[in-house]
Amino acid sequence: MLEVSISAGQIFYGQTRRRTDVPFDEDLRSRTRSLAARLHELMRSGVTPPAIYDKRKCERCSLKPDCLPELPTKRQSAAGWLDRQLESALKVES
Ligand code: SF4
């Protein structure tokens, strides 16, 4: 479109106040196109996919209070969710 070749970018992390170089290679471009297509599919369908709790990601995510990824979804049982909550609470106390 602009006939300009951009080979890399940078991500700035606020917490560490550091920049990380991101090379715009073909693999990243391909994955980005694929994810953008998936996003458009989801938007067209009008269905929000269920949140999948991942301790590594969710515990640092600012959306967690609204996202509530630990709530049971149709694919999980309430009993399993309760077990995990109890396990987590017992770990904190010990
Ligand atoms: S809390 Fe954040 S990282 Fe976890 S599922 Fe929700 S949006 Fe994704």
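Student: Is there a simple way to explain the site of the ligand in this structure?
Tutor: Lining the immediate environment of the ligand, one finds Ala51, Lys57, Cys58, Cys61, Leu63, Lys64, Cys67 and Pro69. Taken together, the elements giving at least two residues each to the shell around the ligand come down to helix H2 (55–58) and helix H3 (64–67). For the shell around the ligand, the residue count by class is six nonpolar, no polar and two charged.

Student: Before we go on, may I ask you to explain helix H1 (residues 26–45) in this structure?
Tutor: Residues three or four positions apart in an α-helix share a direction because the helix packs 3.6 residues into each turn. Taking 1.5 Å as the rise per residue, H1 with 20 residues should run 28 Å; its terminal C-alpha atoms sit 29 Å apart, in good agreement. Among the 20 residues that make up H1, zero are buried, leaving the element largely open to the surroundings. Glycine 46 occupies a position one or two residues after H1 and carries a positive phi of about 75°.

Calculation criteria
Residues numbered from 1 in each chain as written. Predicted model: local features only at pLDDT ≥ 70, side-chain atom pairs only at ≥ 80, totals over all residues. Near = placed C-beta within 6 Å. Helix = DSSP H or I, 4+ residues; strand = E, 2+ residues; numbered from the N terminus. Nonpolar A, V, L, I, M, F, W, Y, C, P; charged D, E, K, R; others polar. Expected span 1.5 Å × (residues − 1). Buried ≥ 20, exposed ≤ 12 C-beta atoms within 10 Å, placed from the backbone.

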